[in-house]
Amino acid sequence: MMQVYLDNSATTKPSEAAVEAMLKSMREDYYNPSALYAPAMRSEQILKDAAAAVAAVVGSDAKHVVFTSGGTESDNLAIFGHMQMNRDGGDILYSAAEHAAVRLACEEAAARYGCRALEIPLTSEGQLDLVALESLLSEKTRMICVMQVCNETGVIMPIQEICQLRSRICPKAAIHVDGVQGFLRVPFSMKQCPVDSYAISAHKFHGPKGVGALVWRDGFRFKPMMIGGGQQNDRRSGTENTVGIAGMGAAIKAYPKDGSSKMLALKKTLVENLQAVLPEMKVLGLPVDDDHSAPHILNVAFPPVRAETLLHALEMDGIIVGTGSACSSKKGKHSHVLTAMAQQPAVMESAIRISLCPENTKEEILYTADKIIHQVEMLRRYVRR
């Protein structure tokens, strides 16, 4: 039986390059990078190289990269760090597609700092509603938070258009982008798109868990959340996770340049094969060939078959898929994102998320399509009418 892992938006398998870099860091370069002796300078160089690798991907500078424990901390650092400097209330906006790390942080920031947290609606296809956003923006807007790629639907958000609205209506407002699902998979440049901060998480692109980064634009003001020894220019105190950072840097350098085009071709093959036999299948999000559809995420529903039932049936076939955000899938609630898209309960309850990585093969995708078709056709016979 073939083993196929298709829940890469939840986490990815660390690349061999990342594992080797981490082993070397633990065995040879285990010194504290803040120390003054020569071996410690090798550890410090690992941090510099990783920061440069992060910055190069998003068109920034290594001096504007701070290492964190992952995407959640990076989002929190940008949101709380910036909003606690706000002295006059105002509004913080976030899209209805946001991961809880952003959505709940915005709500908490409102409670802590006396501002209003306002949710930006989505269209039925999961795209941010730019008309609604324009109506929410005002001179009171202090921060706008939007993800680069929706972790559930794969919709690429119109960040360039958001920046243009900000420049016209509230030029002093900061824009924070959660790039956790977009980094390395969807092109993004802070030179071309003037956002103020950008968050990443290593375990989403074949690096280790427990490490990430926040990249910021020159002039973006934020207070640190951790106080102590003053590491990372006082941006985040605490001895750096050199092992994890080494793995992240190696994962970035090893990520294949043709990874996105390869995943998009596989995604299209999967949809074509499923639709040929299951034409009633519903793609949640934008069409696969839309320019704002990410190459690696596909959310599909096969009502009335329940997602959890199909997930476990596919697991018996050696296929691992997800059911939306891994952080909230065990809570038994309807997806916040799909609810914002006004999807019917029966559709939400049958939606599975298939997320690819560059290591997936056409053989795996054809096998997956065949097993999904078989399981859906079989399971439908047992659904109560």
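See the structure above.
Anyway, here's the lowdown on the structure attached to this text. Computed from a prediction, not measured in an experiment: that's the story for all the values here.

Re the packing of aromatic side chains
Right, so step 1: For the structure on display, the rule yields 7 aromatic pairs.
Right, so step 2: Residues tyrosine 31 and tyrosine 37 carry aromatic rings whose centres are separated by 6.2 Å and whose planes lie at 75° to one another, so their mutual orientation is edge-to-face.
Right, so step 3: Here tyrosine 31 falls in the partly exposed class, since its relative accessible area comes to 21%.
Right, so step 4: Look at phenylalanine 188 and tyrosine 198: their rings are 5.0 Å apart centre to centre, the planes differ by 15°, and that puts the pair in the stacked class. Note that phenylalanine 188 is positioned in the loop between strand S6 (174–178) and strand S7 (197–201) and tyrosine 198 in strand S7, a separation of 10 residues in sequence. Comparing phenylalanine 188 with tyrosine 198 shows no difference in burial state: the two are buried.
Right, so step 5: Linked through ring pairs, Phe183, Phe188, Tyr198 and Phe205 together constitute an aromatic cluster.

So, the pattern of salt bridges
Right, so step 1: In this structure the tally under the stated criterion is 12 salt bridges.
Right, so step 2: A salt bridge links lysine 24 to glutamate 28, with the shortest nitrogen-to-oxygen separation between them at 3.7 Å.
Right, so step 3: Residue classification places lysine 24 among the partly exposed residues on the basis of a relative accessible area of 41%.
Right, so step 4: Of the charged contacts in the structure, one is a salt bridge between glutamate 108 and arginine 112, with a shortest N-O distance of 3.1 Å. Linking glutamate 108 with arginine 112, this pair stays in helix H4 (residues 100–113), spanning 4 residues, or about one helical turn.

Looking at helix H1 (residues 16–27)
Think of an α-helix as turning once every 3.6 residues; residues three or four places apart then point the same way.
Right, so step 1: Taking 1.5 Å per residue as the helical rise, H1 with its 12 residues ought to reach 16 Å, and the 16 Å between its terminal C-alpha atoms agrees with that figure.
Right, so step 2: Structurally, H1 contributes buried residues whose contacts are with helix H7 (242–254).

A closer look at the sheet that holds strand S9 (residues 282–283)
Right, so step 1: The antiparallel open sheet is built from 3 strands, whose spatial order is S9-S10-S12. Each having just a single partner strand, S9 and strand S12 (351–355) make up the two edges of the open sheet.
Right, so step 2: Bridge count between strand S10 (residues 297–301) and S12: 5 bridges; the pairing is antiparallel. Along S12, the bridge assignment pairs asparagine 299 with arginine 353.
Right, so step 3: Packing against the sheet, helix H8 (residues 259–277) makes contact with S9, S10 and S12, and its axis sits at approximately 15° to S10.

Digging into the side chain of asparagine 8
Right, so step 1: By the secondary structure assignment, asparagine 8 is in the loop between strand S1 (4–5) and H1.
Right, so step 2: One polar contact links the side chain of asparagine 8 to the main-chain carbonyl oxygen of tyrosine 5, over a distance of 3.4 Å.
Right, so step 3: Setting aside chain neighbours within four positions, we find asparagine 8 in contact with Lys204, His206, Ser355, Leu356, Cys357 and Asn360.

About the cut-offs
- All residue numbers refer to positions counted from 1 along the written sequence of the respective chain.
- Given that this is a predicted model, residues contribute local features only at a pLDDT of at least 70 and side-chain atom pairs are listed and counted only at 80 or more, while totals for whole chains, interfaces and linings are drawn from all residues.
- Remark: hydrogens and water are excluded; side-chain values derive from all non-hydrogen atoms of the structure.
- Two rings from Phe, Tyr or Trp (for Trp, the six-membered ring) form a pair when their centres are within 6.5 Å of each other. A pair whose planes differ by under 30 degrees is stacked, one over 60 is edge-to-face, and the rest are tilted.
- Residue exposure (1.4 Å probe, protein chains only): buried if accessible area is under 20% of the type maximum, exposed if over 50%, otherwise partly exposed.
- The helix and strand labels rest on DSSP assignments: H or I over at least four residues marks a helix, E over at least two residues marks a strand, and numbering proceeds from the N terminus.
- Salt bridge, as used here: a side-chain nitrogen of Lys or Arg that lies within 4 Å of a carboxyl oxygen of Asp or Glu.
- Expected span of a helix, by definition, is 1.5 Å for each gap between consecutive residues, and there is one gap fewer than residues.
- In what follows, a contact means two residues having at least one pair of non-hydrogen atoms within 4.5 Å.
- For two strands to count as paired, DSSP must find a minimum of two bridges between them.
- Fitting a line to C-alpha atoms yields each axis, with helices limited to the stretch in contact; the angle taken between N-to-C directions then spans 0 to 180 degrees.
- In the analysis that follows, any N or O atom pair within 3.5 Å is treated as a polar contact, provided that within protein one partner can donate a hydrogen and the other can accept it, and provided that, for residues neighboring in sequence, both atoms belong to side chains.

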